[in-house]
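# Tertiary structure, described
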Amino acid sequence: EVQLQASGGGLVQPGGSLRLSCLGSGFTFSTYGMNWVRQAPGKGPERVSAINSAGELITYADSVKGRFTISRDNAKNTLYLQMNSLKPEDTATYYCARAWGTIANSGMDYWGNGTQVTVSS
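Residues numbered from 1 in each chain as written. Predicted model: local features only at pLDDT ≥ 70, side-chain atom pairs only at ≥ 80, totals over all residues. Heavy atoms only, no water.

## What about the environment of Y60?
As a reminder, the rule being used: Under the scheme used here, helices are H or I runs from DSSP no shorter than 4 residues and strands are E runs no shorter than 2 residues, and both carry numbers assigned from the N terminus. Buried means the residue's accessible area, taken with a 1.4 Å probe over protein chains only, is under 20% of the maximum for its type, while exposed means over 50%, and partly exposed covers the values in between. Any two residues whose heavy atoms approach within 4.5 Å are treated as being in contact.
Note on placement: Y60 falls in strand 6 (residues 58–60). Looking at Y60, the relative accessible area reads 23%, which means it is partly exposed. Each C-alpha atom, one on Y60 and one on W100, is 17 Å from the other, the two residues being 40 residues apart in sequence. Excluding anything up to four places from it in sequence, Y60 contacts V48, S49, K65, F68, T69 and I70.

Below is the structure:
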């Protein structure tokens, strides 16, 4: 079965950094685009970033552009999100999700567990 296991969240001060990881299993990871989506308390989901299967095409939400970096290691079936210069408004539950079709269409068919990121002094 398809599984996506996110980890790496935690409590960090403003300006700090975290790296999230998402380990995929039960499917051919290297052939799928992947997404990071976050949901803040009382807010709707926001796609933070996406990366195509080979890591050649990448998108970022305007809110994180220049601060976050998405990457993947297909040999390890792992997706990453490096988050730098964190702001309180980055506080959210972060999910990895498998792309349905291209990353451009924003479709997602499988979601992993959420990992909590809290940015606070």
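Alright, that's what it looks like, and here's the rest.
## Side note on the pattern of salt bridges
Applicable threshold: Any Lys or Arg side-chain nitrogen found within 4 Å of a carboxyl oxygen on Asp or Glu counts as a salt bridge.
In the structure shown here, the tally under the stated rule is 5 salt bridges. Put simply, D90 and R38 hold a salt bridge, and the shortest N to O gap is 2.9 Å. With D90 in the loop between strand 8 (78–83) and strand 9 (92–99) and R38 in strand 4 (residues 34–39), this pair connects stretches of sequence that are 52 residues apart. Neither residue differs from the other here; D90 and R38 are each classed as buried. R67 serves as the salt-bridge partner of D90, at 2.7 Å between the closest nitrogen and oxygen. Highlighted residues: D90 in the loop between strand 8 and strand 9 and R67 in the loop between strand 6 and strand 7 (68–73), separated in sequence by 23 residues. Residue R67 is classed as buried on the basis of its relative accessible area of 11%. Connected via shared salt-bridge partners are R38, E46, R67 and D90.

Everything listed is a geometric property; what it means functionally is a separate question.
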